[in-house]
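So the chains spell out like this:
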Amino acid sequence: MKEKWLVYAKKADFAAWGRELGVDPVIARIIRNRDVESIEEAESFLRGKLQDCHDPRNLKDADKAAEVLVSAISSGKRLRVMGDYDVDGICSSYILSKGLSLLGARCDVAIPHRIHDGYGLSDHLIREAKEDDVKLILTCDNGIAAGPQIRLAKELGIGVIVTDHHEVPFVMEKGEKKEVLPEAMAVVDPKRSDDAYPFEGICGAVVAFKLLQILSEKVRGLGWKEADALDGAMDEFLEFAAFATVCDVMELKDENRILVREGLARMRHSANLGLRALLEVSGVEAAELSAYHLGFVLGPCLNATGRLDTAKRALELLNAKTVTEAVSCARDLKELNDSRKNLTLEGLELARQTIETEGLSKDKVLVVYLPAVHESLAGIIAGRIREQYGKPAFVLTKGEEGVKGSGRSIEAYHMYDALNETGELITKFGGHKMAAGLSLPEENVDALRKALNERCRLTEEDFIPVIHLDLPMPMDYATLELAQQLQLLEPFGVGNPKPLFAQKGLIFLRGSRMGKNGQYGRFTAQTPDGRSVNLVYFGDVDVFFAWLDETYGLGSGEALLAGRGHFAVTVAYQLAVNTNRGVSELQFLIKAYQ
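What counts as what
- Residues numbered from 1 in each chain as written.
- Predicted model: local features only at pLDDT ≥ 70, side-chain atom pairs only at ≥ 80, totals over all residues.
- Heavy atoms only, no water.
- Helix = DSSP H or I, 4+ residues; strand = E, 2+ residues; numbered from the N terminus.
- Expected span 1.5 Å × (residues − 1).
- Buried < 20%, exposed > 50% of the residue type's maximum accessible area, 1.4 Å probe, protein only.
- Arc of directions from axis to C-beta.
- Contact = heavy atoms within 4.5 Å.
- Polar contact = N/O pair within 3.5 Å; in protein donor to acceptor, adjacent residues only side chain to side chain.
- Axes fitted to C-alpha atoms, helices over the stretch in contact; angles between N-to-C directions.
- Parallel < 35°, antiparallel > 145°, perpendicular 65-115°, else oblique.
- Left-handed = near helix turned anticlockwise from the far one by under 90°.
- Nonpolar A, V, L, I, M, F, W, Y, C, P; charged D, E, K, R; others polar.
- Pairing = 2+ DSSP bridges.

S.K.: Go over helix α19 (residues 541–552), please, and point to the residues and values.
M.R.: Over its twelve residues, α19 extends 16 Å from the first C-alpha to the last, a length consistent with the 16 Å expected when each residue adds 1.5 Å. Turning to α19, its buried residues are Val541, Phe544, Phe545 and Leu548. Down the axis, α19 shows its buried residues gathered within 100 degrees of arc, on one side only. Tucked into the core, α19 has its buried residues touching β16 (501–514), β17 (520–526), β18 (532–537), α20 (556–561), β19 (567–580) and β20 (583–593). N-cap assignment for α19: the residue whose side-chain oxygen lies 3.0 Å from the backbone N of aspartate 542 is aspartate 540. Positioned one or two residues after α19, glycine 553 has a phi angle of 110 degrees, which is positive.

S.K.: Which residues make up the packing of helix α14 (residues 323–357) against helix α15 (residues 378–389), and what values do they have?
M.R.: For any two helices packed against each other, one specifies the inter-axial angle together with the distance between the axes. Running from N to C, α14 and α15 point in directions that differ by 50 degrees, and their axes come no closer than 9 Å. Comparing their axes, α15 and α14 come out oblique. Between α14 and α15 the crossing geometry is right-handed. Residues Arg340, Thr344, Gly347, Leu348, Ala351, Arg352, Ile355 and Glu356 of α14 pack against Ile380, Ile381, Arg384, Ile385, Gln388 and Tyr389 of α15. For the contact of α14 with α15, the per-class residue count stands at seven nonpolar, three polar and four charged.

S.K.: For the pairing of strand β7 (residues 176–179), give the residues involved together with the corresponding values.
M.R.: Across four bridges, strand β6 (residues 170–173) lies against β7 in antiparallel orientation. Bridging across to β7, glutamate 173 finds its partner in glutamate 176. Hairpin remark: β6 followed by β7, antiparallel, with two residues in the connecting loop; positive phi at lysine 174, about 55 degrees.

S.K.: Describe in detail unusual backbone geometry, supporting the description with residues and values.
M.R.: Note on backbone geometry: most residues besides glycine have negative phi, and most peptide bonds are trans. Here the bond from glutamate 490 into proline 491 is cis, since omega is 5 degrees, no more than 30 degrees from zero. Here proline 491 is to be found in the loop between α18 (480–486) and β16. Not every positive phi belongs to a glycine, and lysine 174 is a case in point at roughly 55 degrees. Residue position: lysine 174 is located in the loop between β6 and β7. You can call lysine 174 exposed: its relative accessible area is 87%.

S.K.: Which residues make up the environment of lysine 218, and what values go with them?
M.R.: Looking at where lysine 218 falls in the secondary structure, it is placed in helix α8 (residues 204–221). When the C-alpha atoms of lysine 218 and glutamine 484 are compared, they prove to be 44 Å apart, with 266 residues separating the residues in sequence.

Structure follows, in structure tokens:
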């Protein structure tokens, strides 16, 4: 697929920034590319501390929510935390339930079953809370779109506090959006338009963490002896706020960088038996733990419980009291995730066949109905389809009551707004710009596909994948010291990708295959200034060889493998430090080519 390469054009005195920050000007330029506008902000980006995070009291209704909780705990009311079945919901539930229990609250947790209950609050869960004599429900990572359910709770004499981070529902009045907040005792959501919190990009677990910070301050002011226990657990809660931030794909900007960096530092020495066991069974060395491991190794194990079983099993892991219990839970979660991987591959192949046989590939918005696929896999498959076709993708499956599905979007398409425009066809939906979930009657599937495509305003330009380059940088400038300085920019992730550079006119001289099946490549090339460099490519090397054949003539790929290459290639590359037996060396990683 053709790609568009764009170089960031942010302006600043990078030499001055470098001197002030004590880094190479290249590092300064990369920081500026991350929308950092001043040296003070850049200093925070590099070396921000927890005390630099935003004041939780700026969250609208957070102080009110803490007051309600203090009153409820003092009077011995029964509380119930209601979370969600993904990593953010699980971590939020753990943070709030353990924090409240440490204060002596009569508190338990209810997490919806993905199939039987669906996302968020349901009438069933509200009525169940009434039967259990629950007097106050505290939502986390959900609730902002549960207006009808919260009204039912109110009618049944149950108070509700909402803590969430999702988009606030709205209606259009005279061409303007009017937010519709649920009728709760407090609604804590940084995406409220009347919220003064400086950074709305936090996840549900961070909202929960911030609420406990306020609660801790309040109970200490009241002289509660339990305040020490809560304060002593805040480092552990920070670990899970960081875990959720990465797994919920929050941008690693602003305070999220600090929370994840500090959370990872604590996780490497975590006292949580469940987390330590999950690291062990996943083969992750605690000392090497990174945001990558959270998002792609450990997080999927927690998510798998909510997809194929019940997320309560993940909570059991986090609450494990013995090493034996923790290891047993961790092994179960890993096995579930392995099963999920196999089911995902089968569902993805079925999705591809459906797209091709039904002629859906010509649509601007892909809507794929896979009634035989487990509904919990819809989001993962939608993400893979989005990546393959470069288009917004919805994958719908058959649930117990109608059709359920998930969508994953591209940058130019606001998925939540698009669903809002087709609300007449949908029973329930929620989400944000890049991802959404929905329910609808089966008979509306074709109508939804038609409506989404008819109302789609994407142009052909919007479908061209974009590669954002930090700067064109000759490989001759790159050094081991610079590669090591790049590590100061971690954690990497959404909003703070690994820096990407470009080199024109690189002459590929020879290459070899590597990897178990020879699917990767290792190459020797010469820079325009005559320097010999070694490069590694972890993409599909056969596709690269086919591109060489198409560009320079049939047999070019084989010539390169035989050491007879002389092919000019422009590459987008990353720098890495490869350490083997205590010796570190600079490594160039090819990420794209043209």
